Amino acid sequence: MFKHHYFTRTIKAAIIAVGLTVVAQGLPVYADSVHKAKEGDTFYLLAQKYDVNLVKLMSANPDIEATNIYEGLNITIPDGVSTVPQASANGDSNFSSNSEVSSTLKVLSNEKVVQAWGKAFNYSDTINVKASAYSAAASENGKWGAVDYYGNPLKLGTIAVDPKVIPMGTKVLVTGHSHPGLPNNAFVATATDQGGAIKGNRIDIFIPGSASSVSQFGYQDVKLYIINE
């Protein structure tokens, strides 16, 4: 009797194991993908390229500082199965083949169009400003902490402005800057913050990273393209 029960349990276990294997083989596998960083990559550009949420992308790479993305670094792209660009006919990914396009800036002044990283933006006007940068450090944000004027968490794309010159909520394409924590050549930003020292043709750019790394930005002359909504 003991042997009969043992044999029965063994057969049942084998059947269950086979069934689980078949079920597992029939389920789609959703795994993160890995992007090998290239010169000029930033979390902002990768979020745009792979169409993933910027916060989600940064959360998937907690050991990588936004200001320390270097060539050859492996960056996890969340939900890579559905978001990673497909390979082209010559075997290179679309990201690789478009890397040069994504790092260039082209202005069609007659049409009031500016092109950056393969995207075209209609703009109504341009303005030259003196830019500085700030981090999320408590010493730079006062009693309210690392939030913008509206109470939203500071993020890449947040800029502080003088609302008399640039109305709050204005979306702009920032160009002419240089800092490893910012996308090369151009990035889209929104005027959602203010600062006591930001008067006239001045902006303050939020950059993720340590206060010391952000301070390397200094003061730079940049050009803003006022993007049409």
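The present account deals with the structure reproduced in this document.

Definitions and limits used
Residues numbered from 1 in each chain as written. Predicted model: local features only at pLDDT ≥ 70, side-chain atom pairs only at ≥ 80, totals over all residues. Heavy atoms only, no water. Helix = DSSP H or I, 4+ residues; strand = E, 2+ residues; numbered from the N terminus. Buried < 20%, exposed > 50% of the residue type's maximum accessible area, 1.4 Å probe, protein only. Areas by Shrake-Rupley, 256 points an atom, 1.4 Å probe, with all protein chains shown as cover. Pairing = 2+ DSSP bridges. Contact = heavy atoms within 4.5 Å. Polar contact = N/O pair within 3.5 Å; in protein donor to acceptor, adjacent residues only side chain to side chain.

When you go through the chain residue by residue, the secondary structure sums to seven helices and ten strands. In the chain, which comprises 229 residues, the proportion classed as buried is 38%. Put simply, the chain shows about 13,300 Å² of open surface, and 54% of that area lies on carbon and sulfur atoms.

Along any regular strand the residues' side chains alternate between the sheet's two faces. For strand 8 (residues 186-193), the buried fraction is high: seven of the eight residues fall into the buried class. Examined bridge by bridge, strand 6 (residues 158-161) and strand 8 share three bridges and lie parallel to one another. Across the sheet, the residue bridging to I159 is A191, located in strand 8. Looking at chain direction, strand 7 (residues 171-175) and strand 8 are connected through five bridges and run antiparallel. Looking across to strand 8, one finds that T175 is bridged to A186.

The subject of this paragraph is the pairing of strand 5 (residues 119-134). Both strand 4 (residues 113-116) and strand 5 contribute to a ladder of four bridges, which runs antiparallel. Bridge pairing links A116 to K119 in strand 5. The turn linking strand 4 back onto strand 5 is made up of two residues, and W117 within it adopts a positive phi angle of 40 degrees. Both strand 5 and strand 10 (residues 220-227) contribute to a ladder of eight bridges, which runs antiparallel.

What follows covers the environment of N61. Mapped onto the fold, N61 is located in the loop between helix 3 (54-59) and strand 2 (74-77). Overall, the relative accessible area of 5% leaves N61 in the buried class. Distance from N61 to N74, taken between C-alpha atoms, is 9.4 Å for residues 13 residues apart in sequence. Here N61 is in contact with F43, N74, I75 and T76, once residues within four sequence places are set aside. Side-chain polar atoms of N61 contact the backbone oxygen of L57, separated by 2.8 Å.

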